[in-house]
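# Coordinate inspection notes
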Protein chains: 2
Amino acid sequence: MADRSLIFPAEEYRRRVDALQRRMARAGHAALLLTSAADIFYTTGFLTRFWESPARPWFVVVPAQGAPIAVIPGIGADLMGRTWINDIRTWDAPDPLDDGVSLLIGTLREVAGAGAVGTPMGLETHARAPFATMMALLEAFELCDATAIVHRVREVKSEAEITKIRAACAVADAAFADVPEIVRGERRLDQVFRRFQMALLDHGADWVSYVAGGAGQGGYGDVISPAADMPLRAGDILMLDTGAVKDGYFGDFDRNFAISAPSDAALRVHLALHHATDAALAQLRPGMLARDAHRIMARALEDLGERPCGGRLGHGLGVTLTEWPSFTPRDVTELRDGMVLTLEPSAHVYGDCILVHEENIVLRADGPELLSTRAPRDLPVIEI
Amino acid sequence: MADRSLIFPAEEYRRRVDALQRRMARAGHAALLLTSAADIFYTTGFLTRFWESPARPWFVVVPAQGAPIAVIPGIGADLMGRTWINDIRTWDAPDPLDDGVSLLIGTLREVAGAGAVGTPMGLETHARAPFATMMALLEAFELCDATAIVHRVREVKSEAEITKIRAACAVADAAFADVPEIVRGERRLDQVFRRFQMALLDHGADWVSYVAGGAGQGGYGDVISPAADMPLRAGDILMLDTGAVKDGYFGDFDRNFAISAPSDAALRVHLALHHATDAALAQLRPGMLARDAHRIMARALEDLGERPCGGRLGHGLGVTLTEWPSFTPRDVTELRDGMVLTLEPSAHVYGDCILVHEENIVLRADGPELLSTRAPRDLPVIEI
């Protein structure tokens, strides 16, 4: 096998594929079919923003033994040729008559014979290929759910991966430090969002796949909207949430800023969220379940008389902005040494007005190690 | 129906949904299920970068008559509530026991009864929901391919959409004008990529979903790779390709720059690509097929003795970086008045070293109207 590779030494990818293959053997899967940008980057090192174009499907087939086979559009041959993958099969895509389907079926037949083909089918996954292509595979093979196989391997990060995520977090830390200056120069929320993205790039992000946030009197109603062209006002709480990428790895944490005079309620809830995060930082251990993390943070908020938001209070991250597990009351995923996670407690200030606080950690045997620089206990105030 | 809406007046979305419903009626589909960011933005105005998180599926159900129904994670209720959609059904996602599946099946049952449910299954589409969820739908409904229904409606842009795409192109035009100054300040390719993204934001992009490019002696081997930390050298051709977003709409065109002394071969091929683009600008008309656009540009290159690259020589664009049709020898999609398209001829300089040239147009009854500012005929030279 080739020793050339991208982002990491080839050995890193070999270890990942070996780990997948051990689980495939236990599940009785003769091949593993991967279609997502994240799974393909994870196993091969193939990193490109070209996934933004929905025109072409891409496939990686992991056999029971040996290196993966790439079954991809010709436009990707050059880049895939620079990874550790040697067996690269291409077609001239997009082809309305046969967009890689027969090439993929032939490859799977060669690798799996009449055996089972696993592919992720469950929560937090989707098949990034035409549904008609997936139905053709259903006809040709015994397709099995490989969600757990992929998740149990990807969720524990190597030290090399943790180093990458730490670097992405450092970029965000540096950009957050610029926010007071940005806000004093630009009062409009959409302009603050633009300048913040520029700061992330200036501090070394390769690209900025995600920035969201909100601003409103004493809190915000929404954390996923694009920025409106509204001016920031005294009494607003401004929240910025990052998803800057460095070498294909994400950081994902937010910071809150009070614009001039914060309300007592906002100060109180921010302090409670900081406290709930401290509780998780102190108590989380490998062997706990994802729902335990939810319980620790929700109880810490309730003990202070605050009302936690619905949804999740944290999640995994790595080669995507968010990964499983989800800190909800129902997620029983075991927390393991080496998982990179966000602690993201949120609570209501009044009605539907909320605050969200977030840090990134790696879970170690003796508890969480911060990857983001811990937010200050008191809500920072930007005077305008 | 509500008159509030995001990005466009509600009437724009109503017209789109009416057009889908007319085609649904002809196809005999009782409901249309949409799962992708683009289709959901197109029908509702729901615009967010939160799609970057693969954790949750999102669904929009278009009934035979009336407004769409949103079946979405609770975290999106606030933003969806600001669109023209009134019927918003949410669940507390991610839920490992039932992540919206029963809510979606109940909604489809209510809307479609025992009738057929269409959803895009074909080329340039995928179902952005767990494959297990899609298989549950296959069991519960007669699922039909609605690719053509969605494509024939989305591919013809309204004047309101064309205005948005023109604005996105203007952002890229302004950023390309900064490239000589950027290159004189930053010699390393990855730093040029960063500064170029910052320029796009500075000139008004809401975010930068795509930047790719290449650089090499006399041309480049690859147009989808992230930038390496290599220095630009005299004789390199630098290409930058944008996908900056403004109000949810993309521009997508590239520009080439010679670093100091370009080779005769690079100058010759660049001129041929410019000429091939001129040929398409002069000859393209509604009623032609996508393959005719390929033929016009490929022949223009061949007549000058150049060798066109494989793959496509242009494509649609709009709410995604690339849309159908594809200018390949096999694509028989009819070109229609109001389609927004890229003309993207590419040719070999030597071996696998290529140059790519790109413009954005809207096709009118009397031919193409440029949305990007036409690139100069002679390759611009940046002296370093």
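This text gives an overview of the structure that appears in the document. Remember, it's a predicted structure, so these values are computed and weren't measured experimentally.

Reading the values: the criteria
Residues numbered from 1 in each chain as written. Chains lettered and ligands numbered in written order. Predicted model: local features only at pLDDT ≥ 70, side-chain atom pairs only at ≥ 80, totals over all residues. Heavy atoms only, no water. Helix = DSSP H or I, 4+ residues; strand = E, 2+ residues; numbered from the N terminus. Buried < 20%, exposed > 50% of the residue type's maximum accessible area, 1.4 Å probe, protein only. Contact = heavy atoms within 4.5 Å. Areas by Shrake-Rupley, 256 points an atom, 1.4 Å probe, with all protein chains shown as cover. Lys, Arg positive; Asp, Glu negative; His and termini not counted. Charge placed at Lys NZ, Arg CZ, Asp CG, Glu CD. Pairing = 2+ DSSP bridges. Axes fitted to C-alpha atoms, helices over the stretch in contact; angles between N-to-C directions. 1 Å grid on protein atoms, 1.4 Å probe; cavity = no way out; pocket = protein on both sides within 12 Å on 5 of 7 lines; lining within 4 Å. Points joined across faces, edges and corners; volume = space filled by probe spheres on them. Nonpolar A, V, L, I, M, F, W, Y, C, P; charged D, E, K, R; others polar. Core = buried A, V, L, I, M, F, W, Y, C linked by side-chain atoms within 4.5 Å. Salt bridge = Lys/Arg side-chain N within 4 Å of Asp/Glu carboxyl O. Expected span 1.5 Å × (residues − 1). Buried area = accessible area lost by both parts, 1.4 Å probe.

## Remarks on the overall build of chain A
Within chain A one finds 11 helices and 18 strands. Seen along its three principal axes, the alpha-carbon backbone of chain A occupies a region of about 65 × 40 × 35 Å. Within chain A, the proportion of its 384 residues that are buried is 64%. Sequence-distant contacts in chain A: of pairs separated by 6 or more residues, those separated by 24 or more amount to 68%. Counting every atom, chain A has about 12,700 Å² of accessible surface; 51% of that belongs to carbon and sulfur. Charged side chains of chain A number 38 positive and 52 negative; the gap between the two group centres comes to 2 Å.

## Digging into the sheet that holds strand β3 (residues 69-73) of chain B
Residue and element names in this part refer to chain B. Read across the sheet, six strands follow the order β4-β3-β2-β1-β5-β6 without closing on themselves; strand pairing throughout is mixed. In this open sheet, the two edge strands, each paired with only one partner strand, are β4 (87-91) and β6 (142-145). When the angles between neighbouring strand axes are averaged without regard to direction, this sheet yields 25°. Inspection of the sheet shows strand β1 (residues 29-34) paired to strand β5 (residues 116-119) by three bridges, in the parallel sense.

## Re empty space enclosed by the protein
In total, this model carries seven cavities of 30 Å³ or more according to the counting rule given. Quantified by volume, the second largest cavity comes out at close to 60 Å³. Leu123, Glu124, Thr125 and His126 of chain A together with Pro54, Ala55, Arg56, Pro57, Asp99, Arg128, Ala129 and Pro130 of chain B together form the lining of the second largest cavity. Across the lining of the second largest cavity, the residue classes break down as six nonpolar, two polar and four charged.

## What to know about the nonpolar core
One finds Leu200 and Leu238 of chain A together with Leu200 and Leu238 of chain B to be the most contacted residues of the largest nonpolar core, which totals 220 residues. Setting aside anything within four residues of it in sequence, one finds leucine 238 of chain B in contact with Val179, Val183, Leu189, Val192, Gly214, Ala215, Leu232, Arg255, Asn256, Phe257 and Ile259 of chain B. Core analysis: the second largest hydrophobic core is formed by 42 residues, Phe59 and Leu104 of chain A together with Ala30 and Leu137 of chain B among them.

## Things to note about the sheet that holds strand β11 (residues 314-316) of chain B
Residue and element names in this part refer to chain B. Taken in spatial order, the five strands line up as β12-β11-β13-β16-β17 in an open sheet, and their pairing is antiparallel. Edge positions in the sheet fall to β12 (323-326) and β17 (367-370), since each of these pairs with one other strand and no more. Adjacent strand axes in the sheet meet at a mean angle of 35° when their direction is disregarded. Here strand β16 (residues 359-364) runs beside β17; their pairing, made up of four bridges, is antiparallel. Paired with valine 362 across the two strands is glutamate 369, which belongs to β17. Along the sheet face, helix α7 (residues 159-177) touches β13 (340-343), β16 and β17 and points at about 160° away from the line of β16.

## Observations concerning the pattern of salt bridges
One pass over the structure, following the stated rule, counts 62 salt bridges over all chains. Linking arginine 194 of chain B and aspartate 190 of chain B is a salt bridge whose minimum nitrogen-to-oxygen distance equals 3.7 Å. In this pair, arginine 194 of chain B and aspartate 190 of chain B are both assigned in helix α9 (residues 189-202), four residues apart and thus about one turn of the helix distant. Using a relative accessible area of 10% as the deciding quantity, one classes aspartate 190 of chain B as buried. A salt bridge links arginine 374 of chain B to aspartate 278 of chain B, with the shortest nitrogen-to-oxygen separation between them at 3.0 Å. You can see arginine 374 of chain B sitting in the loop between β17 and β18 (381-382) and its partner aspartate 278 of chain B sitting in helix α10 (residues 264-283), a full 96 residues away along the chain. Taking relative accessible area as the criterion, aspartate 278 of chain B reaches 36% and is therefore assigned partly exposed. Via salt bridges that share partners, Glu12, Arg15, Arg16 and Glu161 of chain A belong to a single interconnected network.

## Quick look at helix α11 (residues 290-303) of chain B
Residue and element names in this part refer to chain B. For α11, built from 14 residues, the straight-helix expectation of 20 Å at 1.5 Å per residue is met to within 8% by its first-to-last C-alpha distance of 20 Å. Here α11 has its buried residues at Ala290, Asp292, Ala293, His294, Ile296, Met297, Ala298, Ala300 and Leu301. Buried residues belonging to α11 abut α10, β12, β13 and β14 (346-350). With its phi angle positive at about 85°, glycine 305 sits one or two positions after the end of α11.

## Let's talk about the interface of chain A and chain B
Contacts between chain A and chain B engage 72 residues on the former and 72 residues on the latter. In terms of surface lost to chain B, no three residues of chain A exceed Arg49, Phe131 and Ile224 of chain A, which account for 13% of the buried area on that side. Contributions of two or more residues to the side of chain A that touches chain B are made by α3 (77-80), α5 (131-140), α9 (189-202) and β7 (207-217) of chain A. Residue contributions to the side of chain A that touches chain B peak at six residues, all from α9 of chain A. Split into classes, the residues belonging to the side of chain A that touches chain B amount to 36 nonpolar, 17 polar and 19 charged.

Note that all results are geometric; they support no functional claim without further evidence.
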